[in-house]
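# Overview (structure and organization)
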Amino acid sequence: MKYFPFFLKLSEQSCLVIGGGDVAERKVDLLIKADAQITLIAPEISDHILSLEKEKKLFCHKEGYDKKFLDPEKFKFIIVATNDKKLNIQIAADAREKRILINVVDQPDVCDFIFSSILERGPITIAVSTGGSSPVLARMLRTKLETMIPGGYGRLAKTVSDNRVSIRKKLKNSKSNRIFWEQILNSKFVELILSGQDDEAVAYLKSEIDVFDEEVKNKGEVYIVGAGPGDPDLLTFRALRLMQQADIALYDRLVHPSIIDLIRRDAKKIYVGKQRDIHSVRQEEINELLVKYAKEGNRVLRLKGGDPFIFGRGGEEIDTLVDEKIAFQVVPGITAASGCAAYAGIPLTHRDHAQSCSFVTGHLKNGKLNLNWEKLIQKDHTIIFYMGLVTIDIICDQLQKHGLDKNTPCALIQQGTTPEQKEFVSTIEDMPALVKKEKPQAPTLLIVGDVVKLRDKLSWYKTNQ
C-alpha cells in the first residue's frame, strides 16, 4: 500500500491553494464542500474562483508564489495547481522544509498525499485511488461503483444514522448492536428504503428491534468455509459474507494470503496451519479452540484451503461441534483438483480420454502410503493425488508396479490458480527425476492420465512464471 487512505475533517481547517486556473477550480470546489477555510494565491485567477471569493467562500491573493505564504502555524496542507512543473517542485521542497503536507496536481512523485476519485451518496463517501498511477482508471472504477450503488443508499445511511442511538439504548450487550445491524442491512429494510418507502422501513426497523432476542443472537456459531485453491475470485458469495461477519478466524497454511486479507479487518486471526511433520496446532487442539471460542459467544470462522470435506478434516471438526451442541454452517469451496486442473487446461474427464476420476491423498500414514492401487488403475480414468510431492517416487513406482503404462502422462501443478502457478509435465516414469531437478514447492497437485495430453492445446491461464 503506497498511500494510506483516511478521511480528514476539514471544517475550520486552513489550507492553501497555489494556482488559479481550471485545475485549481476543481480542487477549490471539493474543499468548499468539506467546509475548509481556503486561501488561494495566483497571479491570474479564474472568474469562477473570483465569484466564490465574492460569496466569501475563500480568500484570494492575486500575486505570484512567495515562500512567505508557507506558514505551518496557519496551513495544515497545501495544494499546488500551477502548470509550471519547475515551480511546483520548488514549492514542494519549500513545503517539506516547513513541514507542511503538500499535494502537487499530476506530479505524484513530489506529493505527500494524493486525491482519490470520490463517489458520494449522502453521508456515504467512497474514495477510489490507484496511488497516482492512473487517475483515469480510478475514475472508471468510480463510474462502475456509481452503477452498483443506487442514489437511495444516501437515504439508507441517513435512516440508519437517525435510528442508531435509539437502537443501541434498547440493547444490553455492545456486540448485539453490530449483529442487529448486520441482520437489518441484509433484510427487506434496505429494499424498502431504495424503493422510497422510508416510513415503512422505519416501522419495520422498530418491529425488528422489539423481537430481537439478544441471548439467542449472541450464541456462538462456527463457519466451516472452503477458501478454494488460491485465487480469491473463486470464493463463493456466501464464503465472503461469512468471512466479513466473523469475530475470530482460524486459518490453514493452504489459504492464500490474498484471501486472508478479505477476512473482517478487526477479527482476531489465528494461524493453525499444518505442514508435513510440523503441526503448529494439532487437529484435536483446533477442535477444542472452535468449541472454546464459540461457547464464549463468538462467530468463529474456520477457513480451510480447497473444500472442507475433501481431505480438509471438516467432517472431524463438525463431529466435535455436534457433540458440543454448537451451531455451525458449512460452505463448500472449489477443491484443488478441479481448480488447479481447470487453470492448467486439463479437463479431469473428457469423452475421448477419461470417463471417471479419483481423488486420492498422497500423504503418508505411519510412514506408509496404503492405497488400493489395483482399483485406481482403470481404463479411461484420471487419478488426482493431493499432497503427493513428498511421496512422488512411491506413487509413480506403485502405479507402474500395478500395471499402469510407464509412458502415461502426468502433470504436477504448483500453487495452482495463483499468479505463481507453475506446471511440470512428464510421464510417470520420468516425473520423479523431473521433481529432483526442478525442486517444486508445496502446495502441489499431481494429475495422472491421458487427459494431461490436452494441456498443450487447452492451456489458457497466464502466470508470473
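Coordinates for the structure precede this section.
The following paragraphs examine the structure supplied in this document. All values reported here derive from a predicted model rather than from experimental measurement. (Residues numbered from 1 in each chain as written. Predicted model: local features only at pLDDT ≥ 70, side-chain atom pairs only at ≥ 80, totals over all residues. Heavy atoms only, no water.)

### Things to note about the overall build of the protein chain
Within the protein chain, the regular secondary structure consists of 18 helices and 19 strands. In summary, the protein chain has a C-alpha radius of gyration of 30 Å against a globular reference of 23 Å for 465 residues, an excess of more than 25%. Across its three principal directions, the C-alpha atoms of the protein chain cover 90 × 60 × 40 Å. Taken across its 465 residues, the protein chain has 46% of its residues classed as buried. Within the protein chain, contacts between residues at least 6 apart in sequence are counted, and of these 63% link residues at least 24 apart. Working note: accessible area of the protein chain is about 25600 Å², and carbon and sulfur atoms make up 51% of it. Mean positive and mean negative side-chain charge positions of the protein chain (67 and 63 charges, respectively) differ by 1 Å. (Helix = DSSP H or I, 4+ residues; strand = E, 2+ residues; numbered from the N terminus. Rg over C-alpha atoms; globule rule 2.2 N^0.38 Å. Buried < 20%, exposed > 50% of the residue type's maximum accessible area, 1.4 Å probe, protein only. Contact = heavy atoms within 4.5 Å. Areas by Shrake-Rupley, 256 points an atom, 1.4 Å probe, with all protein chains shown as cover. Lys, Arg positive; Asp, Glu negative; His and termini not counted. Charge placed at Lys NZ, Arg CZ, Asp CG, Glu CD.)

### A short note on the pairing of strand β7 (residues 124-128)
As judged from the five bridges shared by strand β6 (residues 117-121) and β7, these two strands associate in the antiparallel manner. Considered in β7, the bridge of L119 is made with I126. Hairpin connection between β6 and β7: a loop of two residues separates the two successive antiparallel strands, and G122 in this loop has a positive phi of roughly 60 degrees. (Pairing = 2+ DSSP bridges.)

### Let's talk about unusual backbone geometry
Cis geometry marks the peptide bond from A442 to P443; its omega dihedral reads 5 degrees. Along the chain, P443 falls in the loop between α17 (431-438) and β19 (444-448). The backbone of R313 shows a phi angle near 60 degrees, a positive value even though the residue is not glycine. Look at R313 and you get partly exposed, because its relative accessible area is 39%.

### Some points on the sheet that holds strand β14 (residues 327-331)
Overall, parallel pairing links the five strands, which are arranged β10-β9-β13-β8-β14 in an open sheet. What marks the edges here is a single partner per strand, and that holds for β10 (268-271) and β14. Going across the sheet, the axis of each strand differs from the next one's by a mean of 15 degrees, ignoring polarity. With four bridges connecting them, strand β9 (residues 248-251) and strand β13 (residues 299-304) associate as parallel partners. Across the sheet, residue L250 finds its bridge partner in β13, namely R302. (Axes fitted to C-alpha atoms, helices over the stretch in contact; angles between N-to-C directions.)

### Some details on the packing of aromatic side chains
Considering all chains together, one arrives at 11 aromatic pairs under this definition. Considering the side-chain rings of F77 and F113, the 5.6 Å spacing of their centres and the 85 degrees angle between planes classify their relative orientation as edge-to-face. A residue pair is termed long-range when its members are at least 10 positions apart, and F77 in strand β4 (residues 77-80) and F113 in the loop between β5 (101-104) and β6 qualify at 36 residues. Across the pair, F113 and F77 agree in class, each one buried. Ring centres of Y251 and Y271 lie 5.6 Å apart, and the angle between their planes is 55 degrees; on these two criteria the pair is classed as tilted. (Phe/Tyr/Trp six-rings, centres within 6.5 Å; stacked < 30°, edge-to-face > 60°.)

### What to know about the side chain of R302
Counting through the fold element by element, R302 comes out in strand β13. With relative accessibility at 0%, the residue R302 sits in the buried group. Only 2.9 Å separates the side chain of R302 from the side chain of E317, close enough to count as a polar contact. (Polar contact = N/O pair within 3.5 Å; in protein donor to acceptor, adjacent residues only side chain to side chain.)

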